[in-house]
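Breakdown of the fold
Now for the letters of each chain:
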There are 2 protein chains.
Amino acid sequence: MLQCNKKAENGAMSWLDEVKWDAQGLVPVIAQEAATGDVLMFAWMNREALAKTAELGRAVYFSRSRGRLWFKGEESGHVQTVHEIRLDCDNDVVLLKVTQLGHEPGIACHTGRHSCFFSVLKDGAWQAVDPVLKDPESIYK
Amino acid sequence: MLQCNKKAENGAMSWLDEVKWDAQGLVPVIAQEAATGDVLMFAWMNREALAKTAELGRAVYFSRSRGRLWFKGEESGHVQTVHEIRLDCDNDVVLLKVTQLGHEPGIACHTGRHSCFFSVLKDGAWQAVDPVLKDPESIYK
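Here we summarise the structure given alongside this text. Worth saying up front: this structure is predicted, and the values here are computed from it rather than measured.

All names here are of chain B. Three or more residues of helix α1 (residues 47-56) are buried, namely Ala-49, Leu-50 and Thr-53. Looking down the long axis of α1, one finds its buried residues gathered within 95 degrees of arc, a one-sided arrangement. At its buried positions, α1 is contacted by β2 (39-46), β3 (60-63), β4 (68-71), β5 (80-87) and β6 (94-100). Looking one or two residues beyond α1, the residue adopting positive phi is Gly-57, at roughly 70 degrees.

Bringing the side chain of Asp17(A) into the picture now. Residues and elements named next belong to chain A. Within the secondary structure, Asp-17 sits in the segment before β1 (26-33). Relative accessible area serves as the criterion here: at 18%, Asp-17 is assigned to the buried category. Of the polar contacts made by the side chain of Asp-17, one reaches the side chain of Arg-47; its length is 3.0 Å.

Quick look at the interface of chain A and chain B now. At the interface, 38 residues of chain A touch 38 residues of chain B. Along the contact surface separating chain A from chain B lie 2 salt bridges. The residue Asp130(A) makes a salt bridge to Arg86(B) at a minimum N-O spacing of 3.0 Å. Looking at the side of chain A that touches chain B, the elements with two or more residues in it are β1, β2 (39-46), β5 (80-87), β6 (94-100), β7 (119-122) and β8 (125-128) of chain A. With 4 residues, β5(A) is the single largest residue contributor to the side of chain A that touches chain B. Considered class by class, the residues forming the side of chain A that touches chain B number 23 nonpolar, 6 polar and 9 charged. Note that β7(A) and β5(B) share 2 bridges and pair antiparallel. Within β5(B), the position partnered with Ser119(A) by the bridge is Leu87(B).

Take the pairing of β2(A) next. Residue and element names in this part refer to chain A. Burial analysis of β2 places 8 of its 8 residues in the buried class, the great majority of the element. Where β1 meets β2, 7 bridges bridge the pair, whose relative direction is antiparallel. Across the sheet, the residue bridging to Val-29 is Ala-43, located in β2. Linking two consecutive strands that pair antiparallel, namely β1 and β2, is a turn of 5 residues; a positive phi of about 80 degrees is found at Gly-37 within it.

Basis of the calculations
- Residues numbered from 1 in each chain as written.
- Chains lettered and ligands numbered in written order.
- Predicted model: local features only at pLDDT ≥ 70, side-chain atom pairs only at ≥ 80, totals over all residues.
- Heavy atoms only, no water.
- Buried < 20%, exposed > 50% of the residue type's maximum accessible area, 1.4 Å probe, protein only.
- Helix = DSSP H or I, 4+ residues; strand = E, 2+ residues; numbered from the N terminus.
- Arc of directions from axis to C-beta.
- Contact = heavy atoms within 4.5 Å.
- Polar contact = N/O pair within 3.5 Å; in protein donor to acceptor, adjacent residues only side chain to side chain.
- Salt bridge = Lys/Arg side-chain N within 4 Å of Asp/Glu carboxyl O.
- Nonpolar A, V, L, I, M, F, W, Y, C, P; charged D, E, K, R; others polar.
- Pairing = 2+ DSSP bridges.

And the structure:
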(Lines give C-alpha, C1' and ligand atoms only; values in the text may rest on other atoms or scores of the structure.)
Protein backbone atom coordinates (compact mmCIF):
# COMPACT_ATOMS: atom_id res chain seq x y z
CA MET A 1 0.00 0.00 0.00
CA LEU A 2 1.30 3.42 -0.94
CA GLN A 3 1.97 5.75 1.91
CA CYS A 4 2.05 9.50 1.70
CA ASN A 5 5.60 10.43 2.63
CA LYS A 6 4.42 13.77 3.93
CA LYS A 7 2.67 12.15 6.88
CA ALA A 8 4.45 11.10 10.02
CA GLU A 9 4.62 7.36 10.53
CA ASN A 10 1.82 7.31 13.05
CA GLY A 11 -0.49 9.02 10.57
CA ALA A 12 -0.51 12.30 12.48
CA MET A 13 0.30 15.57 10.75
CA SER A 14 3.94 16.45 11.07
CA TRP A 15 4.85 20.00 12.09
CA LEU A 16 6.59 20.15 8.71
CA ASP A 17 3.25 19.68 6.96
CA GLU A 18 1.90 22.79 8.61
CA VAL A 19 4.45 25.00 6.89
CA LYS A 20 3.10 26.55 3.70
CA TRP A 21 5.86 25.79 1.24
CA ASP A 22 5.87 27.98 -1.86
CA ALA A 23 5.61 26.75 -5.45
CA GLN A 24 9.32 25.85 -5.35
CA GLY A 25 8.88 23.96 -2.08
CA LEU A 26 10.68 26.68 -0.14
CA VAL A 27 9.98 28.92 2.82
CA PRO A 28 11.73 32.24 3.60
CA VAL A 29 13.81 32.25 6.77
CA ILE A 30 15.02 35.13 8.94
CA ALA A 31 18.00 34.48 11.22
CA GLN A 32 18.08 36.70 14.30
CA GLU A 33 20.89 36.75 16.84
CA ALA A 34 19.40 35.55 20.13
CA ALA A 35 21.62 37.63 22.41
CA THR A 36 21.41 40.98 20.59
CA GLY A 37 18.21 40.79 18.56
CA ASP A 38 20.19 41.74 15.45
CA VAL A 39 18.75 40.45 12.20
CA LEU A 40 21.73 38.63 10.71
CA MET A 41 20.54 37.28 7.40
CA PHE A 42 17.70 36.04 5.26
CA ALA A 43 17.71 32.75 3.38
CA TRP A 44 15.46 29.92 2.23
CA MET A 45 14.75 26.39 3.41
CA ASN A 46 13.13 23.41 1.81
CA ARG A 47 11.46 20.71 3.87
CA GLU A 48 14.67 18.75 4.31
CA ALA A 49 16.61 21.84 5.42
CA LEU A 50 14.04 22.72 8.07
CA ALA A 51 13.91 19.12 9.30
CA LYS A 52 17.73 19.04 9.52
CA THR A 53 17.81 22.39 11.32
CA ALA A 54 15.44 21.10 13.98
CA GLU A 55 17.24 17.77 14.23
CA LEU A 56 20.78 19.17 14.47
CA GLY A 57 20.09 22.43 16.29
CA ARG A 58 22.13 24.27 13.68
CA ALA A 59 20.96 26.31 10.71
CA VAL A 60 20.69 24.38 7.46
CA TYR A 61 19.39 26.39 4.53
CA PHE A 62 18.61 25.55 0.93
CA SER A 63 20.93 27.33 -1.48
CA ARG A 64 18.86 28.36 -4.48
CA SER A 65 21.96 29.18 -6.52
CA ARG A 66 23.65 25.85 -5.81
CA GLY A 67 20.41 23.85 -5.73
CA ARG A 68 21.38 21.92 -2.61
CA LEU A 69 21.35 21.98 1.19
CA TRP A 70 23.65 24.59 2.66
CA PHE A 71 24.92 23.76 6.13
CA LYS A 72 25.59 27.33 7.24
CA GLY A 73 29.28 27.55 8.13
CA GLU A 74 30.30 24.50 6.08
CA GLU A 75 32.98 26.58 4.34
CA SER A 76 33.41 29.60 6.60
CA GLY A 77 33.14 27.84 9.94
CA HIS A 78 30.50 30.44 10.81
CA VAL A 79 27.97 27.93 12.05
CA GLN A 80 24.68 29.09 13.57
CA THR A 81 23.42 27.31 16.66
CA VAL A 82 19.63 27.39 16.69
CA HIS A 83 17.87 28.08 19.99
CA GLU A 84 14.36 28.58 18.77
CA ILE A 85 12.36 28.06 15.58
CA ARG A 86 9.32 30.26 15.08
CA LEU A 87 6.63 30.35 12.41
CA ASP A 88 4.51 33.33 11.43
CA CYS A 89 0.74 33.72 11.46
CA ASP A 90 0.40 32.63 7.83
CA ASN A 91 2.65 29.60 8.35
CA ASP A 92 4.83 30.75 5.49
CA VAL A 93 7.84 32.47 7.09
CA VAL A 94 10.31 31.00 9.61
CA LEU A 95 12.25 32.97 12.23
CA LEU A 96 15.35 31.42 13.82
CA LYS A 97 16.90 32.63 17.06
CA VAL A 98 20.57 31.78 16.68
CA THR A 99 24.03 32.16 18.09
CA GLN A 100 26.53 32.99 15.38
CA LEU A 101 29.69 30.96 16.02
CA GLY A 102 33.22 31.15 14.60
CA HIS A 103 34.15 34.74 15.42
CA GLU A 104 33.52 37.28 18.14
CA PRO A 105 31.42 39.26 17.36
CA GLY A 106 29.61 36.85 15.08
CA ILE A 107 30.00 37.08 11.31
CA ALA A 108 26.91 35.99 9.40
CA CYS A 109 27.65 37.73 6.09
CA HIS A 110 29.89 36.45 3.32
CA THR A 111 31.37 39.97 3.12
CA GLY A 112 32.89 39.44 6.58
CA ARG A 113 30.35 41.64 8.32
CA HIS A 114 28.23 40.88 11.37
CA SER A 115 24.94 41.12 9.49
CA CYS A 116 24.01 40.99 5.82
CA PHE A 117 21.95 44.15 6.36
CA PHE A 118 24.86 46.57 6.44
CA SER A 119 23.56 49.06 3.87
CA VAL A 120 21.35 51.93 4.95
CA LEU A 121 19.34 54.26 2.74
CA LYS A 122 20.73 57.72 3.40
CA ASP A 123 20.43 60.86 1.29
CA GLY A 124 18.92 58.85 -1.55
CA ALA A 125 21.67 56.22 -1.71
CA TRP A 126 22.54 52.87 -0.13
CA GLN A 127 25.51 53.35 2.15
CA ALA A 128 27.50 50.56 3.80
CA VAL A 129 27.61 51.61 7.45
CA ASP A 130 28.82 48.49 9.26
CA PRO A 131 32.47 47.41 9.37
CA VAL A 132 34.07 44.37 7.76
CA LEU A 133 35.20 42.29 10.74
CA LYS A 134 37.28 39.83 8.77
CA ASP A 135 38.65 39.79 5.24
CA PRO A 136 36.41 37.44 3.20
CA GLU A 137 39.54 36.08 1.49
CA SER A 138 40.72 34.72 4.81
CA ILE A 139 37.26 33.28 5.53
CA TYR A 140 36.84 31.36 2.26
CA LYS A 141 40.22 29.80 1.57
CA MET B 1 12.52 61.20 -27.08
CA LEU B 2 11.66 58.20 -24.98
CA GLN B 3 13.02 58.19 -21.49
CA CYS B 4 13.60 55.14 -19.37
CA ASN B 5 11.32 55.62 -16.40
CA LYS B 6 13.63 53.56 -14.24
CA LYS B 7 16.31 56.22 -14.32
CA ALA B 8 16.27 59.28 -12.14
CA GLU B 9 15.72 62.52 -14.01
CA ASN B 10 19.37 63.46 -13.93
CA GLY B 11 20.30 60.17 -15.59
CA ALA B 12 21.88 58.77 -12.44
CA MET B 13 20.90 55.37 -11.11
CA SER B 14 18.16 55.61 -8.53
CA TRP B 15 18.60 53.72 -5.27
CA LEU B 16 15.45 51.86 -6.33
CA ASP B 17 17.28 50.48 -9.37
CA GLU B 18 19.86 48.87 -7.13
CA VAL B 19 17.27 46.62 -5.51
CA LYS B 20 17.11 43.21 -7.16
CA TRP B 21 13.38 42.81 -7.72
CA ASP B 22 12.24 39.22 -8.21
CA ALA B 23 10.39 37.88 -11.26
CA GLN B 24 7.15 39.36 -9.88
CA GLY B 25 8.80 42.73 -9.31
CA LEU B 26 8.81 42.22 -5.54
CA VAL B 27 11.33 42.20 -2.74
CA PRO B 28 10.91 40.50 0.67
CA VAL B 29 10.78 42.87 3.64
CA ILE B 30 11.43 42.25 7.33
CA ALA B 31 9.95 44.74 9.81
CA GLN B 32 11.87 44.96 13.07
CA GLU B 33 10.82 47.05 16.05
CA ALA B 34 13.50 49.70 16.53
CA ALA B 35 13.20 49.96 20.32
CA THR B 36 13.10 46.25 21.19
CA GLY B 37 14.73 44.51 18.23
CA ASP B 38 11.67 42.25 17.95
CA VAL B 39 10.98 40.95 14.46
CA LEU B 40 7.37 42.00 13.96
CA MET B 41 6.42 40.73 10.52
CA PHE B 42 7.48 39.80 7.04
CA ALA B 43 5.88 41.15 3.89
CA TRP B 44 6.63 42.16 0.30
CA MET B 45 7.14 45.43 -1.52
CA ASN B 46 7.10 46.39 -5.15
CA ARG B 47 9.02 49.39 -6.43
CA GLU B 48 6.16 51.78 -5.75
CA ALA B 49 5.70 50.50 -2.19
CA LEU B 50 9.37 50.97 -1.36
CA ALA B 51 9.40 54.44 -2.91
CA LYS B 52 6.29 55.39 -0.89
CA THR B 53 7.79 53.96 2.29
CA ALA B 54 10.88 56.13 1.89
CA GLU B 55 8.84 59.17 0.90
CA LEU B 56 6.27 58.95 3.71
CA GLY B 57 8.41 57.45 6.47
CA ARG B 58 5.73 54.82 7.07
CA ALA B 59 5.60 51.22 5.95
CA VAL B 60 3.81 50.63 2.66
CA TYR B 61 3.81 47.03 1.49
CA PHE B 62 2.47 45.29 -1.59
CA SER B 63 -0.34 42.90 -0.76
CA ARG B 64 0.07 39.85 -2.97
CA SER B 65 -3.41 38.57 -2.12
CA ARG B 66 -5.12 41.88 -2.90
CA GLY B 67 -2.75 42.82 -5.72
CA ARG B 68 -2.35 46.40 -4.55
CA LEU B 69 -0.39 48.69 -2.24
CA TRP B 70 -1.06 48.07 1.42
CA PHE B 71 -0.54 51.09 3.63
CA LYS B 72 0.16 49.20 6.86
CA GLY B 73 -2.44 50.31 9.38
CA GLU B 74 -4.94 51.55 6.77
CA GLU B 75 -7.66 49.42 8.39
CA SER B 76 -6.29 48.60 11.82
CA GLY B 77 -4.72 51.96 12.61
CA HIS B 78 -1.55 50.00 13.40
CA VAL B 79 0.72 52.18 11.31
CA GLN B 80 4.47 51.59 11.27
CA THR B 81 6.75 54.62 11.39
CA VAL B 82 9.97 53.83 9.54
CA HIS B 83 13.25 55.00 11.06
CA GLU B 84 15.67 53.18 8.85
CA ILE B 85 15.63 51.22 5.60
CA ARG B 86 18.37 48.64 5.12
CA LEU B 87 19.29 46.40 2.21
CA ASP B 88 21.15 43.10 2.40
CA CYS B 89 24.42 42.09 0.74
CA ASP B 90 22.65 40.60 -2.28
CA ASN B 91 20.43 43.68 -2.70
CA ASP B 92 17.37 41.45 -2.61
CA VAL B 93 15.99 41.73 0.94
CA VAL B 94 14.91 44.89 2.80
CA LEU B 95 14.99 45.39 6.57
CA LEU B 96 12.90 48.16 8.14
CA LYS B 97 13.47 49.54 11.62
CA VAL B 98 10.03 50.67 12.72
CA THR B 99 7.91 51.93 15.56
CA GLN B 100 4.60 50.11 15.71
CA LEU B 101 1.87 52.67 16.44
CA GLY B 102 -1.78 52.34 17.49
CA HIS B 103 -1.43 50.30 20.68
CA GLU B 104 0.97 49.92 23.57
CA PRO B 105 2.72 47.51 23.26
CA GLY B 106 2.61 47.59 19.47
CA ILE B 107 0.43 45.16 17.55
CA ALA B 108 1.83 44.21 14.16
CA CYS B 109 -0.12 40.98 13.62
CA HIS B 110 -3.66 40.68 12.31
CA THR B 111 -4.31 38.16 15.11
CA GLY B 112 -3.94 41.00 17.62
CA ARG B 113 -0.49 39.91 18.75
CA HIS B 114 2.68 41.96 19.02
CA SER B 115 4.53 39.97 16.38
CA CYS B 116 3.43 37.62 13.63
CA PHE B 117 6.06 35.14 14.86
CA PHE B 118 4.12 33.92 17.89
CA SER B 119 4.40 30.18 17.21
CA VAL B 120 7.37 28.23 18.52
CA LEU B 121 8.40 24.70 17.61
CA LYS B 122 8.24 22.74 20.86
CA ASP B 123 8.02 18.99 21.38
CA GLY B 124 7.47 18.47 17.66
CA ALA B 125 4.57 20.91 17.34
CA TRP B 126 3.99 24.61 16.66
CA GLN B 127 2.74 26.24 19.83
CA ALA B 128 1.35 29.77 20.10
CA VAL B 129 3.31 31.25 23.00
CA ASP B 130 2.60 34.99 22.76
CA PRO B 131 -0.63 36.58 24.01
CA VAL B 132 -3.37 38.22 21.98
CA LEU B 133 -3.21 41.86 23.06
CA LYS B 134 -6.44 42.92 21.41
CA ASP B 135 -9.39 41.04 19.95
CA PRO B 136 -9.01 41.13 16.14
CA GLU B 137 -12.76 41.72 15.84
CA SER B 138 -12.34 45.03 17.60
CA ILE B 139 -9.34 45.90 15.39
CA TYR B 140 -11.02 45.27 12.03
CA LYS B 141 -14.52 46.68 12.36
